Amino acid sequence: MDLNGNYKDPDWGRIAHLFKIGIFASLLALIGGDMLLGWGTTDMSLSGMEQYFSRYADVSDARIFWSALLGMIGITLETLCFFGVYRIIASGSEKYAHAYRAGLIGMLAFGAFCHVMCCAVIYHHNVLYRIDPGISIEETMTFAKFFLMPVSVIFFVFFMIMNIVQITAFCKGVTPYPKWCGIFTMLIGFIDIIAMRFVGNQAWAYALSTGWLSFGSLVTFTGLLINMPKARKR
């Protein structure tokens with residue numbers, strides 16, 4: 001039986017269950033993984049990367065550990081819940097479903113890993129800063145270039161595949177959802193970054209903007225769950 005045969009009639013109960021778990025997982029990743037790490041203000045007297053890392057100066061090792069652990073759990077779980085979106089796309093298009101699944105598998109493999117490496121970069125900087133502030137920025141950037149950048153690039157490729165396919169499938173009407181529901185993707189998290197830039201140098205604003213990916217997931221799961229009755233009628 002082909003893919004469309006398996007998912008021609010979506011199991012709405014299971015999909016709704018995945019979206020509800022996805023909302024919980026997104027909140028876990030947003031609050032426990034991202035906001036816990038990103039809560040801080042920058043030293044505006046500094047510039048460049050010194051200014052950027054200054055917001056993490058007061059982040060304890062314990063906070064970094066819990067951010068890495070909770071973020072890893074939350075991101076992995078929320079990514080798994082996107083298989084609910086996969087089922088929706090598969091009900092109308094085998095081609096888009098295969099492409100979406102490829103992006104989703106890549107996200108599953110590298111998403112949590114990328115978050116943990118971000119936490120490792122902050123830990124690396126803070127440890128070096130306590131030893132010798134003069135070398136902390138240069139050595140941290142070298143560490144990030146060798147260990148964070150490769151996984152980030154690979155993650156971004158799969159991230160774009162997943163989101164572009166999802167937007168295309170929804171906007172072309174191959175899913176039961178209204179076409180305008182194509183706005184509900186992780187890319188909507190960019191609104192979080194833009195909005196927080198207007199707030200300024202506030203700890204809660206930096207914390208929220210740090211979690212833009214999980215914020216995008218939260219909006220996606222919530223929006224699709226709310227509009228599910230419309231999709232079922234169609």
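Data block above holds the structure.
No experiment lies behind these values; they were computed from the predicted model shown. (Residues numbered from 1 in each chain as written. Predicted model: local features only at pLDDT ≥ 70, side-chain atom pairs only at ≥ 80, totals over all residues. Heavy atoms only, no water.)

(A) Region of interest: the overall build of the chain. From N to C terminus, the chain includes 11 helices and zero strands. Sequence-ordered secondary structure for the chain, helices as α and strands as β, is α-α-α-α-α-α-α-α-α-α-α. The C-alpha radius of gyration computed for the chain amounts to 19 Å, which stays within 12% of the reference 17 Å derived for 234 residues, consistent with globular compactness. Seen through its C-alpha atoms, the chain measures out along the principal axes to roughly 60 × 35 × 25 Å. In the chain, buried positions account for 47% of the 234 residues. (Helix = DSSP H or I, 4+ residues; strand = E, 2+ residues; numbered from the N terminus. Rg over C-alpha atoms; globule rule 2.2 N^0.38 Å. Buried < 20%, exposed > 50% of the residue type's maximum accessible area, 1.4 Å probe, protein only.)

(B) Region of the structure containing the packing of helix H5 (residues 83–90) against helix H6 (residues 94–131). Orientation of H5 relative to H6, taken along the N-to-C sense of each, is 165°, at an axis distance of 8 Å. On the basis of the axis angle, H5 is roughly antiparallel to H6. For the pair H5 and H6, the sense of crossing is left-handed. Note on element contacts: H6 touches H5 through Tyr-96, Ala-97, Tyr-100, Arg-101 and Leu-104, opposite Phe-83, Val-85, Tyr-86, Ile-89 and Ala-90. Partitioning the contact of H5 with H6 into residue classes produces nine nonpolar, no polar and one charged. (Axes fitted to C-alpha atoms, helices over the stretch in contact; angles between N-to-C directions. Parallel < 35°, antiparallel > 145°, perpendicular 65-115°, else oblique. Left-handed = near helix turned anticlockwise from the far one by under 90°. Contact = heavy atoms within 4.5 Å. Nonpolar A, V, L, I, M, F, W, Y, C, P; charged D, E, K, R; others polar.)

(C) Spotlight on the pattern of salt bridges. On inspection of all chains with the given rule, the structure shows two salt bridges. Here Asp-11 ties to Arg-14 by a salt bridge, and the two come within 3.9 Å at their closest N and O atoms. Residue classification places Arg-14 among the partly exposed residues on the basis of a relative accessible area of 47%. Between Asp-61 and Arg-130 there is a salt bridge whose closest N-O contact spans 3.4 Å. (Salt bridge = Lys/Arg side-chain N within 4 Å of Asp/Glu carboxyl O.)

(D) Up close: the nonpolar core. Among the nonpolar cores identified, the biggest contains 33 residues, and Phe-19, Tyr-100 and Tyr-177 are the most heavily contacted of them. A per-element tally of this core places helix H7 (residues 133–171) first, with six residues. Sequence-distant contacts of Tyr-177, that is, excluding residues within four places in its chain, are made with Trp-12, Phe-19, Ile-88, Phe-170, Leu-224, Asn-227, Met-228, Ala-231 and Arg-234. Among the nonpolar cores identified, the runner-up in size contains 16 residues, and Ile-64, Cys-114, Cys-119 and Leu-148 belong to it. (Core = buried A, V, L, I, M, F, W, Y, C linked by side-chain atoms within 4.5 Å.)

(E) Main features of helix H2 (residues 12–38). Compared with the 39 Å implied by 1.5 Å per residue over 27 residues, the 36 Å span of H2 between its first and last C-alpha is a close match. At Leu-30, H2 shows its maximal kink, close to 25°. (Expected span 1.5 Å × (residues − 1). Bend = angle between axes of the 7 residues up to and from the residue.)

(F) Representation of a nonpolar patch on the surface within the structure. On the surface, a nonpolar cluster with roughly 330 Å² of combined accessible area is contributed by Met-149, Val-153, Val-157 and Ile-161. Within the secondary structure, Met-149 sits in helix H7. The class for Met-149 is partly exposed, based on a relative accessible area of 48%. (Patch = residues over 30% accessible without salt bridge, like charges linked within 9 Å, V, L, I, M, F, W, Y side chains within 5 Å. Areas by Shrake-Rupley, 256 points an atom, 1.4 Å probe, with all protein chains shown as cover.)

(G) Quick peek at the packing of aromatic side chains. Applying the stated criterion to the full structure yields 15 aromatic pairs. The interplanar angle of 80° and the centroid separation of 5.3 Å between the aromatic rings of Tyr-52 and Phe-53 together place this pair among those described as edge-to-face. Its relative accessible area of 3% is what places Phe-53 among the buried residues. Within the aromatic cluster, the residues linked to one another by ring pairs are Phe-155, Phe-156, Phe-159, Phe-190 and Trp-212. Directly above the aromatic system of Tyr-96 lies the positively charged group of Lys-95, at a separation of 5.0 Å from the ring centroid. (Phe/Tyr/Trp six-rings, centres within 6.5 Å; stacked < 30°, edge-to-face > 60°. Lys NZ or Arg CZ within 6 Å of the ring centre and 35° of its normal.)

(H) Molecular detail of the layout of surface pockets. Of the volumes computed, that of the largest pocket is approximately 970 Å³. Lining the largest pocket are 36 residues; nearest its centre among them are Tyr-52, Cys-114, Cys-118, Thr-210 and Trp-212. With nine residues, the top contributor of residues to the lining of the largest pocket is H7. Taken together, the residues of the lining of the largest pocket sort by class into 23 nonpolar, eight polar and five charged. Put simply, the second largest pocket is a space of about 200 Å³. The class makeup of the residues in the lining of the second largest pocket is six nonpolar, four polar and two charged. (1 Å grid on protein atoms, 1.4 Å probe; cavity = no way out; pocket = protein on both sides within 12 Å on 5 of 7 lines; lining within 4 Å. Points joined across faces, edges and corners; volume = space filled by probe spheres on them.)

The values are spatial; any link to function lies outside them.
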